[in-house]
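Chains, contacts and geometry: an overview
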Amino acid sequence: QVQLVESGGGVVQTGGSLRLSCAASVSDNRYSFNNMGWYRQAPGKQRELVAIIRWNANTNYGDFVKGRFTISKAAAADTVYLQMNSLGPEEPAVYYCTAVYEYGCGLAMNNYWGQGTKVTVTS
């Protein structure tokens, strides 16, 4: 099984920065990393993509990011970081870590979600 542990949420002023972390704990070596990233959900809104990093280091970002955020992955561990800069009043949300792991040799692709970490931006 795969479990995701998130950290780094909190309160920041408008224009400030936060760094989110997500560490995957994999208890079965038949699971292999495919991709990991972050979605966010603000009250009354749909969950939206923030950033994803894939096994080959390719990344995708939500359109609203506009170069302000950077996703990266630790070299020797399934831990992903999201550096968020220039946070604005539209950013407050619960940020969810998500990961896709391949089970076996293409037997299945399983999607996992963390519990979420809250980001609050104050003026």
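First, a word on scope: everything that follows refers to the structure included in this document. This is a predicted model, so every value here is computed, not measured.

Examining the packing of aromatic side chains
For any pair of aromatic rings, the description consists of the separation of the ring centres together with the inter-plane angle of the planes. Applying the stated criterion across every chain, the model contains six aromatic pairs. Between Tyr-31 and Tyr-103, the ring centres sit 4.9 Å apart and the planes meet at 55°, which makes this aromatic pair tilted. Of the two residues, Tyr-31 is situated in strand E4 (residues 31-41) and Tyr-103 in strand E9 (residues 93-103); the sequence distance between them amounts to 72 residues. By relative accessible area, which is 23% here, Tyr-103 ends up partly exposed. When the centroid spacing of 5.8 Å and the interplanar angle of 90° are considered together, the rings of Phe-33 and Tyr-101 count as edge-to-face. Linking Phe-33 in strand E4 with Tyr-101 in strand E9, this pair joins segments that are 68 residues apart in sequence. Of the two residues, Phe-33 and Tyr-101, neither departs from the other in class, the shared state being buried. Here the aromatic residues Tyr-31, Phe-33, Tyr-101, Tyr-103 and Tyr-112 are joined through ring pairs into a cluster of three or more.

A few points about the pattern of salt bridges
Where side chains of opposite charge bring their charged atoms close, a pairing between them can arise. Following the criterion strictly, the structure yields five salt bridges and no others. The partner of Glu-48 in a salt bridge is Arg-40, and the shortest N-O contact between them spans 2.8 Å. Assessed through its relative accessible area of 31%, Glu-48 is described here as partly exposed. Where Arg-40 meets Glu-91, a salt bridge forms, and the shortest distance between an N and an O atom there is 2.4 Å. Highlighted residues: Arg-40 in strand E4 and Glu-91 in the loop between strand E8 (79-84) and E9, separated in sequence by 51 residues. Of the two residues, Arg-40 and Glu-91, neither departs from the other in class, the shared state being buried. Here the salt bridges do not stand alone but share partners, grouping Arg-40, Glu-48, Arg-68 and Glu-91 into one network.

Observations concerning the state of the cysteines
In total, this model carries one disulfide according to the counting rule given. There is a disulfide in this structure between Cys-22 and Cys-97, and the S-S distance comes to 2.0 Å. Across the S-S bond of Cys-22 and Cys-97 the torsion is about -85°, and the bridge reads as left-handed. Here Cys-97 lies in strand E9 and Cys-22 lies in strand E3 (residues 18-26), a separation of 75 residues in the sequence. Summarising the burial analysis for this pair, Cys-22 and Cys-97 share the class buried.

Conventions used here
- Residues numbered from 1 in each chain as written.
- Predicted model: local features only at pLDDT ≥ 70, side-chain atom pairs only at ≥ 80, totals over all residues.
- Heavy atoms only, no water.
- Phe/Tyr/Trp six-rings, centres within 6.5 Å; stacked < 30°, edge-to-face > 60°.
- Helix = DSSP H or I, 4+ residues; strand = E, 2+ residues; numbered from the N terminus.
- Buried < 20%, exposed > 50% of the residue type's maximum accessible area, 1.4 Å probe, protein only.
- Salt bridge = Lys/Arg side-chain N within 4 Å of Asp/Glu carboxyl O.
- Disulfide = S-S within 2.5 Å.

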